[in-house]
Amino acid sequence: MKRYILLFIFIMPFVLQAQSPDKLIENGKYDEAIEKCVDRLSKDKGNTTALYSSLKRAYETANALDLEKIKTLKMSGGPDIWYDVFTGYYSIQQRYVLVSGIKEMLEADMVNIKLLEYPEDLEVSRKNAGAFLYATAMKNMKAGTREGAMEAYSDLIKITRLFEEYKDVELRMRQALG
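Residues numbered from 1 in each chain as written. Predicted model: local features only at pLDDT ≥ 70, side-chain atom pairs only at ≥ 80, totals over all residues. Heavy atoms only, no water.

Engineer: What is the right way to read the nonpolar core from this model?
Structural biologist: As a rule of thumb, nonpolar side chains are buried together in soluble globular proteins. Core analysis: the biggest nonpolar cluster contains 43 residues, and Ile-34, Leu-55, Leu-106, Leu-156 and Ile-159 have the highest contact counts within it. Breaking this core down by element, the ones donating at least two residues are helix 2 (21–26), helix 3 (30–42), helix 4 (48–76), helix 5 (82–100), helix 7 (119–142), helix 8 (146–162) and helix 9 (169–177). In terms of residues, this core owes the most to one element, helix 4, which gives eight residues. (Core = buried A, V, L, I, M, F, W, Y, C linked by side-chain atoms within 4.5 Å. Buried < 20%, exposed > 50% of the residue type's maximum accessible area, 1.4 Å probe, protein only. Helix = DSSP H or I, 4+ residues; strand = E, 2+ residues; numbered from the N terminus.)

Structure representation (structure tokens):
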């Protein structure tokens, strides 16, 4: 019995890794499908026509979903939307960078994938997210409660993911902990 369990534990990672891009797309794992397609195409492994088709479908669907999410957030008009808007644009940017790595292959094989990039929107949303998170953190710290300090610290951590340096975040983080 132990042999079967060990065999299962040993084989399972290979089975999970062997998922096809189409199966990943069916399961809504578009970014994983894109990574797998780009990896296989760059290593010249597999049916390029099928991989290009899967790449196009995953790339366009993932970007469409993120753009729809961003549009919905912006239409809500709330000030608390910017971190989520930033993560949407950041996902689009990460996909752009990944697929750009095989841009010459796409052009050589005349694959029609429109690469999307929104650097200005990414930067604006990053700045707006940082300003909102900082203001919220300061408000929570002024509350003087343990819960407020914990929420402030959480917001300040998010700011450090957005910026290497932002105002006095390091000092405020120490204050929130202390």
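Engineer: I keep staring at unusual backbone geometry and nothing clicks. Help me out?
Structural biologist: The residue Asp-44 is not glycine, and still its phi comes out positive at about 55°. Tracing the backbone shows Asp-44 in the loop between helix 3 and helix 4. Here Asp-44 falls in the exposed class, since its relative accessible area comes to 62%. Positive phi is not limited to glycine here, since Lys-167 has a value of about 40°.

Engineer: For this particular structure, what's the right way to read the packing of helix 3 against helix 5?
Structural biologist: Relative placement of two packed helices is described by the angle separating their axes and the distance separating the axes. Running from N to C, helix 3 and helix 5 point in directions that differ by 15°, and their axes come no closer than 10 Å. Considering the angle they form, helix 3 stands roughly parallel to helix 5. Of the two elements, helix 3 crosses helix 5, and the hand of that crossing is left-handed. Together, Asp-31, Ile-34, Glu-35 and Val-38 of helix 3 and Arg-95, Leu-98 and Val-99 of helix 5 make up the contact between the two elements. The residue inventory of the contact of helix 3 with helix 5, partitioned by class, reads four nonpolar, no polar and three charged. (Axes fitted to C-alpha atoms, helices over the stretch in contact; angles between N-to-C directions. Parallel < 35°, antiparallel > 145°, perpendicular 65-115°, else oblique. Left-handed = near helix turned anticlockwise from the far one by under 90°. Contact = heavy atoms within 4.5 Å. Nonpolar A, V, L, I, M, F, W, Y, C, P; charged D, E, K, R; others polar.)

Engineer: Would you mind going over the side chain of Arg-95 with me for this structure?
Structural biologist: Checked against the element boundaries, Arg-95 lands in helix 5. The class for Arg-95 is buried, based on a relative accessible area of 5%. In this structure the side chain of Arg-95 is engaged in a polar contact, spanning 2.5 Å, whose partner is the side chain of Asp-31. Contact partners of Arg-95, with chain neighbours within four places excluded, come to Asp-31, Ile-34, Tyr-59, Ala-62, Asn-63 and Asp-66. (Polar contact = N/O pair within 3.5 Å; in protein donor to acceptor, adjacent residues only side chain to side chain.)

Engineer: So what exactly am I meant to see when it comes to the packing of aromatic side chains here?
Structural biologist: Any aromatic ring pair is given by two values, namely how distant the centres are and how the planes are angled relative to each other. Applying the stated criterion to the full structure yields four aromatic pairs. A centroid spacing of 4.8 Å and a plane angle of 35° characterise the contact between Phe-163 and Tyr-166, whose relative ring orientation is tilted. Looking at Phe-163, the relative accessible area reads 11%, which means it is buried. (Phe/Tyr/Trp six-rings, centres within 6.5 Å; stacked < 30°, edge-to-face > 60°.)

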